[in-house]
Amino acid sequence: MKQVRPRSADLGGLHLATAGSGSGHGWLGYSGEMQTRFAELLTDMYNETLNAVNERDAEFASTDLPAETRTRLIHSLDSWSFEPHKLPDEEVLACAMMLFEALFRIEHMQSSVGLSLKDQIYPLIHHLRRIYRWENTYHNFEHALDVLQCSYTFLRSAGMVPPVSILLDEDPERTWISQRKPNSGPLVTCLGMKELFIVYIAAIGHDVAHPGFTNLFMRNAETPLSMVYDGKSALEQMHCSLLLRVMRHYGLGPLLEDSCGTGNGCNQSVRKLLSETVLATDMSVHADFMKNFKALVNDGKTQSASEAKEGESQLWRKQVLLCQGIMKCADISNPFRPYHVSQHWAAALMGEWTSQAMLEKYMNLPCTNSCSDDPLSEANGQVFFINTFAKPLLQLMVEAVPELQPHLDQCEDNLQLWQSRQVDLKSNLETVETNNSVSQPAEFDPVSSSTSLTSTTSPSLRRRRDDYLTAFPLALPK
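Computed from a predicted structure; not experimentally measured. (Residues numbered from 1 in each chain as written. Predicted model: local features only at pLDDT ≥ 70, side-chain atom pairs only at ≥ 80, totals over all residues. Heavy atoms only, no water.)

### Points about the confidence of the model for the chain
Inference 1: Counting all residues, the mean pLDDT for the chain is 84, and 80% of those residues have values of 70 or more.
Inference 2: Note on residues 304-308: pLDDT under 50 across the span, and two contacts to partners over four residues away in sequence or across chains.
Inference 3: Note on residues 442-463: pLDDT is under 50 here. Beyond four places in sequence and across chains, it has 19 contacts. (pLDDT = per-residue confidence, 0-100. Contact = heavy atoms within 4.5 Å.)

Listed below in structure tokens is the structure:
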């Protein structure tokens, strides 16, 4: 039984949160009275993060796939039509490991990061898999693998990582060398061994322990997690905390505190790059990212060759923004996939939003997401999202990494298909409404027409609410 902790303030921890550099402003975002409430929240965050890691720790036992299965999965990983949601659990895990295995075929990658695939990376991935919530229809480990495979595809297209098919080579010791020299001009060449590794780690861990609802829901519900982070990127901060703790659990602490850079004297830590990359996946900071990345792209167009020889700060700026851009594109890459793949992920996200809407109704909170699962709502949502976020982001990325142009072409094709579907569904709806208007209207029934969502007292809604009890405790309303 969990012991009840006495209500005492950890003033040292609270001071770190509320005071910095003698100015009285820490990561909580403001200075104020040292309240026991915040000290307890900090302690709870530490304890629950520790529990989430320790309770899901399990000894990893590597299993060899049949040769034909391994070959099939390698070919699927090299395909832009990759569909992890159709794979059995053991193959999903194997795909994540094979992407890292191929990454470690880069010459000097293993010595650069100082890690063992079998003793550290594979157990780490297995551990993360256990912390992701399988109950989520969208933010689950299959989504994490999808984002990792997408990040790999982007980097492979840019000539920065080898194809996964290198694993089919008869020589298991064969290594790969990129033809692109470090810092040779194109923006993507600012990424060295450690930065490439961090993109992969951020991808597989960026949504770890996601509860299945949004930051806005948590803010409205006044969840402890939202209070800890003052409503600022609470989910992403939690993902970072858990990911960093799992990494340290497997001995990646020295790498996290090591410096980034490719020989230009960059002294920023690997840990900071990882955190900055994961935090950028919060869509509330999307506009700021677009502004900063656009400035970086424009700088590259106007600089002369001599001006491009940057110092430490400029190299760090490039690395952070490019890692963030890759991660953001991969995280919302569904509209870039072939249309049938895009449809699956759109439906999965709609299912997660509908479950959140039911929980909001139960708690008498404002409905913050579209909660209808009808096809027209889905099409409307996709057209809006592609035009507002996905397409402008990818267009900007193509300016920085021209090799991504084929994915932008796919995005534009998908947009046209969603718009055509939108027109057809609207036409069908208008036809139905016209037919209904000529018939005798039924007597108004306030009970049946009150809402399309399940009643707050129905067993269905209670069951959905109880599903969230497996989520990270501080993400849940009290």
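### Points about the packing of helix α16 (residues 339-362) against helix α17 (residues 375-400)
Packed helices, taken two at a time, are described by the angle between their axes plus the distance between the axes.
Inference 1: Look at α16 against α17: their axes get within 11 Å of each other, and the N-to-C directions meet at 105 degrees. In terms of orientation, α16 and α17 fall into the roughly perpendicular class. For the pair formed by α16 and α17, the contact residues are S342, Q343, A346, A347 and M350 on the first element and S377, E378 and Q382 on the second.
Inference 2: Within the contact of α16 with α17, the residues separate by chemical class into three nonpolar, four polar and one charged. (Axes fitted to C-alpha atoms, helices over the stretch in contact; angles between N-to-C directions. Helix = DSSP H or I, 4+ residues; strand = E, 2+ residues; numbered from the N terminus. Parallel < 35°, antiparallel > 145°, perpendicular 65-115°, else oblique. Nonpolar A, V, L, I, M, F, W, Y, C, P; charged D, E, K, R; others polar.)

### Remarks on the nonpolar core
Inference 1: Counting residues in each nonpolar core, the largest one holds 136 residues, and the members touching the most others are F100, L103, F197, L225, L274 and F293.
Inference 2: Those residues in contact with L103, other than ones at most four positions away along the chain, are M109, V161, L196, F197 and Y200. (Core = buried A, V, L, I, M, F, W, Y, C linked by side-chain atoms within 4.5 Å. Buried < 20%, exposed > 50% of the residue type's maximum accessible area, 1.4 Å probe, protein only.)

### A look at the layout of surface pockets
Inference 1: One number sums up the size of the largest pocket: a volume of about 1100 Å³.
Inference 2: Residue lining of the largest pocket: 42 residues in total, with T214, M283, W353, N369 and F385 positioned closest to the centre.
Inference 3: Mapped by element, the contributors of at least two residues to the lining of the largest pocket are α9 (215-221), α11 (234-249), α16 and α17.
Inference 4: For the lining of the largest pocket, the element with the highest residue contribution is α16, accounting for eight residues. (1 Å grid on protein atoms, 1.4 Å probe; cavity = no way out; pocket = protein on both sides within 12 Å on 5 of 7 lines; lining within 4 Å. Points joined across faces, edges and corners; volume = space filled by probe spheres on them.)

### Concerning the state of the cysteines
Working definition of a disulfide: a covalent bond connecting the sulfur atoms of two cysteines.
Inference 1: Under the definition given, this model contains zero disulfides.
Inference 2: With no disulfide of its own, C329 lies closest to C150 among cysteine sulfurs, the gap being 7.6 Å. (Disulfide = S-S within 2.5 Å.)

### What about the packing of aromatic side chains?
Inference 1: Applying the stated criterion across every chain, the model contains twelve aromatic pairs.
Inference 2: Geometrically, the ring pair formed by Y138 and W345 is edge-to-face, given 5.7 Å between the ring centres and 85 degrees between the ring planes. In this pair, Y138 sits in the loop between α6 (117-131) and α7 (141-157) while W345 sits in helix α16, placing the two residues 207 residues apart along the sequence.
Inference 3: Residue Y138 is classed as buried on the basis of its relative accessible area of 5%.
Inference 4: Note on F384 and F389: the rings are 6.3 Å apart at their centroids and 80 degrees apart in plane angle, and the pair reads as edge-to-face.
Inference 5: Since its relative accessible area comes to 21%, F389 is described here as partly exposed. (Phe/Tyr/Trp six-rings, centres within 6.5 Å; stacked < 30°, edge-to-face > 60°.)

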